[in-house]
Structures are given as C-alpha cells and as structure tokens.
Amino acid sequence: MDPVEQLLHPVRLRIVHALSAADTLTITQMSARMPDVPKITLYRQVAQLAEGGFLEVDGEQRVRGAVERRYRLRQDRPTIDADAAAAMSLDDHRRGFAASMAVLIAEFDAYLSRDGADPAADSVSYRQGTLWLSPDELNAMTADLLAVLRDRLDNTPAPGRTPYLLSAILFPAERPPDA
C-alpha cells in the first residue's frame, strides 16, 4: 500500500501522531491514548503500518504469558512528499483532509478529557483568519513559517517540554464578488 493510502486512514494517522510524540509505545499504551479505538483495531492498523514500512518493533517483553511489542516510527519511513501530493486525486485530498480533521477532533477531545485540561492556561488556539496574498507573498510566508518550525522540529522529550499538536490548514478561500 502506498504512503497516501496508508496515511489517509484516521486510526493509522492517529497512531503515527501518537508515536511522533513518544519514542516508543506498546499497543496497551496506544490504547490508553486512544480509548475510543478498539484494541483489535489498533493491532490491525499497527500491523498495516509495520508492513507498510512506517513502524518497526523496538523491543519485546513477556507480559502475563504474551509477548508485548514496543513500536516506534521508522526514521526512513515513507512520506507523502510534494510529488505524491501533486499526484493525489481531488477525492484523495478530500479523504486526506477528512482523516486529518477526524484525527484533530479525536486528539482535541482526548485533551479535553484529561484531568486538569485548561485550554486558557495551555495556550490552546483554534483561530481562523483570511490573508490576501500574491503567489510570491504566499511562498515567502510559507518559507518563513517553515524556518520558524524547523528550529523546533528536532526537539526531543525533556523535562519541562510538552508535546503540542500543530495543524496548519491553508487553502484559497472563495474570492468575494466585489473584490
């Protein structure tokens, strides 16, 4: 299965997000992070991600007679690069957006369900706004944002650091008739 098909599934995308915020996770740990997903579904989706080259087994241990595996994201995992995104159909983009929104809603709900969730104290933001940009201004803004984020992408878990899920959504809005 190609990377587009792998990642357009909401549960597989949630697994990738969960492992992005942790070095390794077992199915039991994933299940605790995603209590709304049946454990058998997690097993099936983790197996597909492993077969697809996204995950690898980091270690195994015996737990009550069964073997429990720790999974991590492969550093050389497939990605949806610019060429793959350009080759996606409009329906693929619809499915990808729907999967991303399903993951975002599930992750936000999980955050709100945690003890001590405090959106104001945690600087939670979900604002929208419209920017009027030429193609050159859009390219410059994208480069600026990537530069700001690139400096922080290599951060690893450490005392005082909290993982934050950042979801950027950018698409042209319909131009008003009088503009």
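In case you missed it, the structure is sitting above this.
This one's a predicted model, so the numbers in the text were calculated from it and none came from an experiment.

> Which parts of the structure should I look at to understand the overall build of the chain?
A count of helices and strands for the chain gives 7 helices and 3 strands. Ordered by position in the sequence, the α and β elements of the chain form the string α-α-β-α-α-β-β-α-α-α. The dimensions of the chain, computed from C-alpha atoms along their principal axes, are 70 × 40 × 30 Å. Scored against the burial criterion, the 179 residues of the chain give a buried share of 22%. Long-range pairs, those at least 24 residues apart, make up 54% of the contacts in the chain with a sequence separation of at least 6. As displayed, the chain has an accessible area near 13,100 Å², and 53% of this comes from carbon and sulfur atoms.

> Is there a simple way to explain the sheet that holds strand 3 (residues 66–73) in this structure?
Sheets are built from strands that pair by backbone hydrogen bonding, the pairs being arranged parallel or antiparallel. An order of 1-3-2 is seen for the 3 strands of this open sheet, with the pairing classed as antiparallel. For this open sheet the edge positions go to strand 1 (25–26) and strand 2 (55–63), each flanked by a neighbour on one side alone. The strands that helix 2 (residues 10–20) touches are strand 1, strand 2 and strand 3; relative to strand 3, the one it contacts most, it runs at about 80°.

> What am I meant to see in the pairing of strand 2 here?
Here 8 bridges tie strand 2 to strand 3, and the two strands are oriented antiparallel to one another. Residue pairing in the sheet places Arg-62 in a bridge with Val-67 of strand 3. Between strand 2 and strand 3, which pair antiparallel and follow one another directly, the connecting turn spans 2 residues, one of which, Arg-64, has a positive phi of 50°.

Rules and cut-offs
Residues numbered from 1 in each chain as written. Predicted model: local features only at pLDDT ≥ 70, side-chain atom pairs only at ≥ 80, totals over all residues. Heavy atoms only, no water. Helix = DSSP H or I, 4+ residues; strand = E, 2+ residues; numbered from the N terminus. Buried < 20%, exposed > 50% of the residue type's maximum accessible area, 1.4 Å probe, protein only. Contact = heavy atoms within 4.5 Å. Areas by Shrake-Rupley, 256 points an atom, 1.4 Å probe, with all protein chains shown as cover. Pairing = 2+ DSSP bridges. Axes fitted to C-alpha atoms, helices over the stretch in contact; angles between N-to-C directions.

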